[in-house]
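Listed below, chain by chain, are the residues.
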Amino acid sequence: MEKFLMFIDDGDDAATYPASRLLGMTCAGDGALLLKFEGSAMDTTVEEDNIDLITLTITADTEKAVMSEIARAINATASYNDGLIVVCDDVNSKFLHANILSCTITLDA
């Protein structure tokens, strides 16, 4: 079963991606973790202008723990039976890891 990663940063601003479209995670400085996804344009190729970016604001110096938890959730076999992994929900204060504080969604970055 394909797993999906969900991000909600405002009442009408949300994105959900198949985990298979996650291109990578990068620590962008103290307190910022960038997740790059194949773009939401549903293009069959990954082009420079078809990349979506999720910026997670995290507690400083916790990027390894947060990245590890995201990877564990994607690879978990017993958890997330419905296939949905809520990584960041700013509206309902629900976060995959205690050190995730908020997120920002940038489409076609």
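Residues numbered from 1 in each chain as written. Predicted model: local features only at pLDDT ≥ 70, side-chain atom pairs only at ≥ 80, totals over all residues. Heavy atoms only, no water.

Asker: Outline the pairing of strand E2 (residues 13-18), supporting the account with residue identities and numerical values.
Answerer: As defined by bridge partners, strand E1 (residues 4-10) adjoins E2 across six bridges and the pair is classed as antiparallel. When the sheet's bridge partners are listed, Phe-7 is paired in E2 with Ala-15. In textbook terms, the turn of a hairpin is the stretch between consecutive antiparallel strands, and for E1 and E2 this stretch comprises two residues. (Pairing = 2+ DSSP bridges. Helix = DSSP H or I, 4+ residues; strand = E, 2+ residues; numbered from the N terminus.)

Asker: Outline the nonpolar core, listing residues and values.
Answerer: Core analysis: the biggest nonpolar cluster contains 22 residues, and Phe-7, Leu-35, Phe-37, Ile-54, Leu-56, Val-87 and Ile-100 have the highest contact counts within it. Contributions of two or more residues to this core are made by E1, E2, strand E4 (32-38), strand E5 (51-58), helix H1 (63-75), strand E6 (84-89) and strand E8 (100-106). Leaving out residues up to four positions away in the same chain, Phe-7 has contacts with Asp-13, Ala-14, Ala-15, Tyr-17, Leu-35, Phe-37, Ile-54, Leu-56, Val-87, Cys-88, Cys-103 and Ile-105. (Core = buried A, V, L, I, M, F, W, Y, C linked by side-chain atoms within 4.5 Å. Buried < 20%, exposed > 50% of the residue type's maximum accessible area, 1.4 Å probe, protein only. Contact = heavy atoms within 4.5 Å.)

Asker: Before we move on, can you summarise the sheet that holds E5 with the specific residues and values?
Answerer: Spatially, E3-E4-E5-E8 is the arrangement adopted by the four strands of the open sheet, whose pairing is antiparallel. Pairing within the sheet leaves two strands with one partner each, and these edge strands are strand E3 (22-27) and E8. Neighbouring strand axes in the sheet, compared pairwise and without regard to direction, differ in orientation by 20 degrees on average. Across seven bridges, E4 lies against E5 in antiparallel orientation. By the bridge assignment for E5, Lys-36 is matched with Leu-53. (Axes fitted to C-alpha atoms, helices over the stretch in contact; angles between N-to-C directions.)

Asker: Quick one: what's the story with the side chain of Arg-21, residue by residue and with numbers?
Answerer: By the element assignment, Arg-21 lies in the loop between E2 and E3. Among buried Asp, Glu, Lys and Arg side chains, Arg-21 stands out as unpaired, with Glu-38 the closest opposite charge at 4.3 Å. Only 2.8 Å separates the side chain of Arg-21 from the backbone oxygen of Glu-38, close enough to count as a polar contact. (Lys, Arg positive; Asp, Glu negative; His and termini not counted. Salt bridge = Lys/Arg side-chain N within 4 Å of Asp/Glu carboxyl O. Polar contact = N/O pair within 3.5 Å; in protein donor to acceptor, adjacent residues only side chain to side chain.)

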